[in-house]
Amino acid sequence: MLAIHYDSSFDGFLSVVFEIYRQHLDVGDIVPVRPYAAEGAAAPDLFLQPFRVETDEESARRLRRAILNMAGEDILSLLDCAFRSEEPGIEMKIFAYLRKLFAGDSRGYARNPTSDEMLPLFTVARSVRREQGFMLGAVRFGKAPDGMYISAIEPRYNVVDMLAPHFRSRFPNGRWAVVDVHRRYGVCYEGGQVQLVSVDDPEAIAGVERSDEFARMWKSYYDSMAIKERLNPELLKRCLPVRYWKHLTERQVDASSLTIGGRNSEKRGADGLGGANLPSAVARSRSLALGHAGV
Amino acid sequence: MDLREKLNILGDAAKYDVSCSSSGSSRCAPKGGFGSGCEAGICHTWAADGRCISLLKVLFSNACKYDCAYCVNRRSNDIPRATFTPKELVDLTMEFYRRNYIEGLFLSSAVVGSPDNTMEQLVRVAKDLRTVHHFGGYIHLKAIPGASARLLFEAGLYADRSSVNIEIPSDSALQYLAPEKNFDSIYRPMNFLAERKIGYDSDHARHSPKFLPAGQSTQMIVGASGETDLQILRLSAGFYQQQQMKRVYFSGYIPINADKRLPAITSKPPLLREHRLYQADWLMRFYNFRHDEILDESNPNLDVDLDPKAMWALRHPEFFPVDLQTADYESILRVPGIGVKSARLIVSGRRFSRIRLETLKKMGVVLKRAKYFIYHPDTPASLRRLYPEMVRPLLVAKRKPEQLGLFDNYVPALPAAISR
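Residues numbered from 1 in each chain as written. Chains lettered and ligands numbered in written order. Predicted model: local features only at pLDDT ≥ 70, side-chain atom pairs only at ≥ 80, totals over all residues. Heavy atoms only, no water.

What follows concerns the overall build of chain A. In terms of helices and strands, chain A carries 12 helices and eight strands. Put simply, chain A has 295 residues, and 51% of those count as buried. The long-range fraction of contacts in chain A, counting pairs at least 24 apart against all pairs at least 6 apart in sequence, stands at 72%. (Helix = DSSP H or I, 4+ residues; strand = E, 2+ residues; numbered from the N terminus. Buried < 20%, exposed > 50% of the residue type's maximum accessible area, 1.4 Å probe, protein only. Contact = heavy atoms within 4.5 Å.)

Next comes the structure, spelled out in structure tokens:
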């Protein structure tokens, strides 16, 4: 039995499935190798033999086409969404579905949302899409000195590049970047082009969204909107889970963090550039761009 | 007075307006500008009371000339007054929007001078945003009762949604609490806008302008005057049918003014009643219930212990159990514990395989409620009839256990007859 390692991209996963079929591999587990720590990742299984599969775009493309033919476009996007959840073991769940799909035993299996393999994928994909919709509202841009609007987020699932189409159509003439601080990459929009960028120093970005007068006005407006006779902390936590408060301007408790973002202030002072190193953090990483994203 | 102070005063004055939705209108960013409308609406944050904030909800001014008993901005209250200039408000909206704090602007106002004067200011802000700054975000404008038709019409061209609040659900109580208002003055702008909207909606030419694409909404205060839930639901059903309202909001009365015409200032807001009314409202909008199915003259109020759907189900045992394999979508929707998403999933999944209890659980159906109302092959035939009096105690949430007092159930050791 093999534990197959791959580079944690969706194309990489499709290449793994392709190789499993091509080489008739006996697979025990599929393990992503991520550049960041994932939530709830399991310890490696000692009884499985490690095996590495490199991402191959051609085999991923062929498998995509096969899924399109067998199931349809919406199922492919559903699998993509479920994959983005990065839950431990999600690869094996998708693989179980694909195996039954390609076995072709029962008619209509591909589109049955209540089958044993599909239902968990369906519910996971639903929560990934919900997270994406939530993030459309929870992004808080801050204006960097060079006029770019920058936002740091920490979504539970890997949805940051799914946000790009929305903000591109909303601010078509602007320049903006949304960065996933935890996964150390983001999307950047400039001159009509959306690019995926990797970010080396996410800490530099984290404070920019709460550093101006409008941020302070927004915070005080937010505080005045609550009706004190109806205060309901439990409802608040259900609608707006505590894990997201860190990057929301209006949920910052102390006034000092609203002036200049916490510890970044020292670093900025040392530069003698004020906040000018913030966009340069993005600019530097833009040179490391992963290439044009198809978003 | 600086802008921040004004924003706090006028935001604080607007917070009792419940409407927060930014849905129903999809716009692309206009050429040379920014901002778009999302059909489903986007919530941006939630205030400490758990209500969503999606629009910058402010009053243009809170210097009101009316004296409505229930309102925080009434003439006789001693509160700080402020008024925006259109430019301040436009700048604020655009800066907040660029930072993705809000989905658009919700602009209301107290009546300053005449209704026409006030409406003109509101329209001017919307017009500046749309035509000068090419702003494509969401705009919700209040229609001021008594404003002229020309201004209302212009508001409809720039705004996505408009609303007039009816506030008190019966005409006599409204005139008692708000001497300057009556139903007629509130219905007039509603009907005007509804008629105009029908005219624009029937025109499907590619470049025809939009007129209130997200329709109208209204709001009523619950618990300030003595209406029953039936009266409230009947009124809102009328709004949905006749004025084609998109939403009717309910607002549990919060005692802000000491006034002998209103509940005492110490009374608690009727939050549970408001919640039940919203549940009933959802049944009417998404579950194909009619208002007279939910309540009737013999029981004119909603059950506080049970949600309205379970209440209806217990009054109609002949409708259950529903067989999930064969029943139509509308009947499945009526099962307590099954919502719109689960019902759709059941209908699309049952073509391929049987729906089992485990599957329902994985789908997210609340089996705790649903299990009494669905047909399942495992239950013996003798139990396939619903006994409401047996099921009801199982559905009602258990009270939290209380500490008993030592002498609460004190029985004298000797019967009274002997001790005498």
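It is worth spelling out the sheet that holds strand β4 (residues 142-143) of chain A at this point. In spatial order, the strands read β4-β5-β6-β7-β8 (chain A); together these five strands make up an open sheet with mixed pairing. Every other strand in the sheet has two partners, leaving β4 and β8 (193-198) of chain A as the edge strands with one partner each. (Pairing = 2+ DSSP bridges.)

This paragraph deals with the interface of chain A and chain B. Facing 52 residues of chain A, the contacting portion of chain B comprises 56 residues. Interface area, chain A with chain B, both sides summed: about 4,800 Å², of which 61% is carbon and sulfur. It is Arg 170, Tyr 221 and Arg 230 of chain A that lose the most area in chain A upon contact with chain B, and together they represent 16% of the buried surface on that side. Counting every contact that joins chain A to chain B gives four salt bridges. The residue Arg 170 of chain A makes a salt bridge to Glu 103 of chain B at a minimum N-O spacing of 2.6 Å. Of all elements in the fold, only α5 (118-138), α6 (164-170), α8 (213-225) and α9 (233-239) of chain A reach the threshold of two or more residues within the side of chain A that touches chain B. It is α8 of chain A that contributes the most residues to the side of chain A that touches chain B, 11 residues altogether. (Buried area = accessible area lost by both parts, 1.4 Å probe. Salt bridge = Lys/Arg side-chain N within 4 Å of Asp/Glu carboxyl O.)

So, about the pairing of strand β7 (residues 216-222) of chain B. Residue and element names in this part refer to chain B. Counting buried positions along β7 gives seven out of seven residues, so the element sits mostly inside the fold. Of the two faces of β7, the one holding Gln 216, Thr 218, Met 220 and Val 222 and the one holding Ser 217, Gln 219 and Ile 221 are both buried throughout. Bridging between strand β6 (residues 161-163) and β7 involves two bridges; their strand directions are parallel. Across the sheet, the residue bridging to Ser 163 is Ser 217, located in β7. Strand direction decides the pairing type here: β7 and strand β8 (residues 247-252), joined by six bridges, are parallel.

As a further point, take the domain arrangement of chain A. All names here are of chain A. Each domain of chain A was delimited in the assignment, giving domain 1 (2-130) and domain 2 (139-286). Between domain 1 and domain 2, the residue contacts involve nine residues of the former and eight residues of the latter. When the two sides are added together, the surface that domain 1 and domain 2 hide from each other amounts to roughly 890 Å², 49% of it contributed by carbon and sulfur. At the junction of domain 1 with domain 2, the criterion picks out two salt bridges. Where Asp 161 meets Arg 84, a salt bridge forms, and the shortest distance between an N and an O atom there is 2.9 Å. The tally of links from domain 1 across to domain 2 stands at five residue pairs in polar contact (both at pLDDT 80 or more). Listing elements by their share of the side of domain 1 that touches domain 2, those giving two or more residues are α3 (73-84) and α5. Looking at side-chain class alone, the side of domain 1 that touches domain 2 contains four nonpolar, two polar and three charged residues. (Domains from an automatic or database assignment. Polar contact = N/O pair within 3.5 Å; in protein donor to acceptor, adjacent residues only side chain to side chain. Nonpolar A, V, L, I, M, F, W, Y, C, P; charged D, E, K, R; others polar.)

Turning our attention to the nonpolar core. Counting residues in hydrophobic clusters, the biggest one holds 195 residues, and the most contacted among them are Tyr 97 and Trp 176 of chain A together with Tyr 70 and Ile 294 of chain B. Contacts of Ile 294 of chain B, omitting those with residues within four sequence positions, involve Leu 233, Ala 280, Leu 283, Met 284, Phe 289, Leu 302, Pro 308, Met 311 and Arg 315 of chain B. Membership of the second largest hydrophobic core comes to 12 residues, among which are Ala 144, Val 181, Cys 188 and Val 197 of chain A. (Core = buried A, V, L, I, M, F, W, Y, C linked by side-chain atoms within 4.5 Å.)

Residues and elements named next belong to chain A. For helix α1 (residues 10-23), which comprises 14 residues, the first-to-last C-alpha distance of 20 Å matches the rise-based estimate of 20 Å (1.5 Å per residue) to within 8%. Most of α1 sits inside the fold, with 10 of its 14 residues counted as buried. For α1, the full list of buried residues reads Phe 10, Gly 12, Phe 13, Leu 14, Ser 15, Val 16, Val 17, Phe 18, Glu 19 and Ile 20. Of the surrounding secondary structure, the elements contacted by the buried residues of α1 are β1 (2-6), β2 (27-32), α2 (57-70), α3 and α4 (90-103). At the exit of α1 stands His 24, carrying a positive phi of roughly 50°. (Expected span 1.5 Å × (residues − 1).)

What follows is about the packing of aromatic side chains. Residue and element names in this part refer to chain B. What the rule picks out here adds up to 35 aromatic pairs over all chains. A centroid spacing of 5.8 Å and a plane angle of 40° characterise the contact between Phe 34 and Tyr 97, whose relative ring orientation is tilted. One end of the pair, Phe 34, is in the loop between α1 (3-14) and β1 (45-46); the other, Tyr 97, is in helix α2 (residues 86-98), with 63 residues separating them in the sequence. The exposure class of Phe 34 is buried, given its relative accessible area of 9%. Tyr 97 gets classed as buried once you look at its relative accessible area, which sits at 0%. Pairing Phe 183 with Tyr 187 gives two aromatic rings, centres 5.7 Å apart and planes at 65°, and the pair type is edge-to-face. With Phe 183 and Tyr 187 both in helix α6 (residues 183-201) and four residues apart, the pair spans about one turn of that helix. (Phe/Tyr/Trp six-rings, centres within 6.5 Å; stacked < 30°, edge-to-face > 60°.)

A few words on the environment of Ala 126 of chain B. Residues and elements named next belong to chain B. The residue Ala 126 is located in helix α3 (residues 115-132) in this model. In the structure, Ala 126 is positioned 236 residues away from Lys 362 in sequence and 47 Å away in space, judged by C-alpha atoms. The contacts of Ala 126, once residues within four sequence positions are left out, are Ile 139, Leu 141 and Tyr 158.

A word on the domain arrangement of chain B. Once the domains are mapped, chain B shows domain 1 (3-264) and domain 2 (308-395). Inter-centroid distance (C-alpha atoms) of domain 1 of chain B to domain 2 of chain B is 40 Å.

The subject of this paragraph is the packing of α4 of chain A against α5 of chain A. Residues and elements named next belong to chain A. Where α4 meets α5, the axes come as close as 9 Å, and the angle between the chain directions of the two elements is 130°. Put simply, α4 runs oblique to α5. Where α4 crosses over α5, the handedness of that crossing is left-handed. Each of Ile 90, Lys 93, Ile 94 and Tyr 97 in α4 lies in contact with α5, whose residues at this interface are Met 118, Pro 120, Leu 121 and Val 124. (Axes fitted to C-alpha atoms, helices over the stretch in contact; angles between N-to-C directions. Parallel < 35°, antiparallel > 145°, perpendicular 65-115°, else oblique. Left-handed = near helix turned anticlockwise from the far one by under 90°.)

Opposite charge on two side chains lets them pair, provided their charged atoms get close. All names here are of chain A. Evaluation of the coordinates by the stated rule reveals 46 salt bridges over all chains. Residue Glu 154 is joined to Lys 246 by a salt bridge in which the shortest nitrogen-to-oxygen separation is 3.0 Å. Note that Glu 154 is positioned in the loop between β5 (149-153) and α6 and Lys 246 in the loop between α9 and α10 (256-259), a separation of 92 residues in sequence. According to the relative accessible area criterion, Glu 154 is partly exposed, its value standing at 23%. Beyond isolated ion pairs, a larger network of salt bridges with shared partners links Arg 34, Glu 86, Asp 180 and Arg 183.

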